[in-house]
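Commentary on secondary and tertiary structure
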Amino acid sequence: MQPTQRRLKFGAELRLRSKPQFDAIYASGRRLDDRFFALRIKPNATGRPRLGLAVAVKTAGNAVIRNRLRRLVRESFRLAQHDLPAVDVVVAAKFPAVAAPPASLRASLATLWQRVASTCASS
């Protein structure tokens, strides 16, 4: 790997897993959303962005669809992580995301990541 290339991994240190972490973000985080996804963001002290996923059974239905949405969000975050500030992000899928083509979902997430970067930079 060349020194100028950035690592695009999505390791355990970039994931939100525990209920207290999610609760803190839902309690005092800022909301950004569009047609397909709702994001809750809150600055953190870790120095890197972290991702939590909330894809409900009521929203997405069966496990195949939920896991497809999770994979798509994780991949999008993995590629955008170096452009994001040090924030905790919880991504919740909305019902229209179930039937949307993957290209639309990727474009939606790319726009939301840009909004997260600009929102956190201005605050």
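Now for a description of the structure that goes with this document. (Residues numbered from 1 in each chain as written. Predicted model: local features only at pLDDT ≥ 70, side-chain atom pairs only at ≥ 80, totals over all residues. Heavy atoms only, no water.)

**Considerations on the overall build of the chain**
Looking only at helices and strands, the chain has four helices and four strands in total. Along the chain direction, N to C, the helices and strands of the chain fall in the order α-β-β-β-α-α-β-α. In terms of C-alpha radius of gyration, the chain reaches 14 Å, essentially the compact-globule figure of 14 Å for 123 residues. With the C-alpha coordinates aligned to their principal axes, the bounding extent of the chain is approximately 40 × 35 × 25 Å. Taken over 123 residues, the chain has a buried fraction of 37%. For the chain, long-range pairs separated by at least 24 residues make up 80% of all intrachain contacts whose partners lie at least 6 apart in sequence. Carbon together with sulfur atoms contributes 54% to the accessible area of the chain, which is approximately 7,100 Å² in total. Seen as two clouds, the 23 positive and the 7 negative side-chain charges of the chain have centres 4 Å apart. (Helix = DSSP H or I, 4+ residues; strand = E, 2+ residues; numbered from the N terminus. Rg over C-alpha atoms; globule rule 2.2 N^0.38 Å. Buried < 20%, exposed > 50% of the residue type's maximum accessible area, 1.4 Å probe, protein only. Contact = heavy atoms within 4.5 Å. Areas by Shrake-Rupley, 256 points an atom, 1.4 Å probe, with all protein chains shown as cover. Lys, Arg positive; Asp, Glu negative; His and termini not counted. Charge placed at Lys NZ, Arg CZ, Asp CG, Glu CD.)

**Focus: helix α3 (residues 63–80)**
Its 18 residues give α3 an end-to-end C-alpha distance of 26 Å, which sits within 8% of 26 Å, the value for a rise of 1.5 Å per residue. Residues of α3 that are buried: R66, L69, L72, V73, S76, F77 and A80. Each buried residue of α3 sits inside an arc of 130 degrees when the element is viewed along its axis, so together they form one side. Where α3 begins, the capping side chain belongs to N62, and its oxygen is found 3.2 Å from the backbone nitrogen of V64. (Expected span 1.5 Å × (residues − 1). Arc of directions from axis to C-beta. Polar contact = N/O pair within 3.5 Å; in protein donor to acceptor, adjacent residues only side chain to side chain.)

**Details of the sheet that holds strand β3 (residues 50–54)**
Reading across from one edge, β1-β2-β4-β3 is the order of the four strands in this open sheet, with mixed pairing throughout. Taken across any chain shown, the strands that pair with only one partner, and hence form the sheet edges, are β1 (30–33) and β3. Ignoring strand direction, the axes of neighbouring strands in this sheet form an average angle of 20 degrees. Of the pairings in the sheet, the one linking strand β2 (residues 37–43) to strand β4 (residues 87–93) comprises seven bridges and is antiparallel in character. Of the residues in β4, the one forming a bridge with L39 is V91. On the sheet, α3 packs against β2, β3 and β4 and is oriented at approximately 165 degrees with respect to β3. (Pairing = 2+ DSSP bridges. Axes fitted to C-alpha atoms, helices over the stretch in contact; angles between N-to-C directions.)

**Some remarks on the pattern of salt bridges**
Taken as a whole, this structure holds five salt bridges when the rule is applied. Across the pair D23 and K19 runs a salt bridge whose closest N-O atoms are separated by 3.1 Å. Separated by four residues within a single helix, D23 and K19 lie in helix α1 (residues 19–28), roughly one turn from each other. D23 gets classed as partly exposed once you look at its relative accessible area, which sits at 36%. Here R31 makes a salt bridge to D33, at a shortest N to O gap of 3.4 Å. Judged by its relative accessible area of 30%, D33 is partly exposed. (Salt bridge = Lys/Arg side-chain N within 4 Å of Asp/Glu carboxyl O.)

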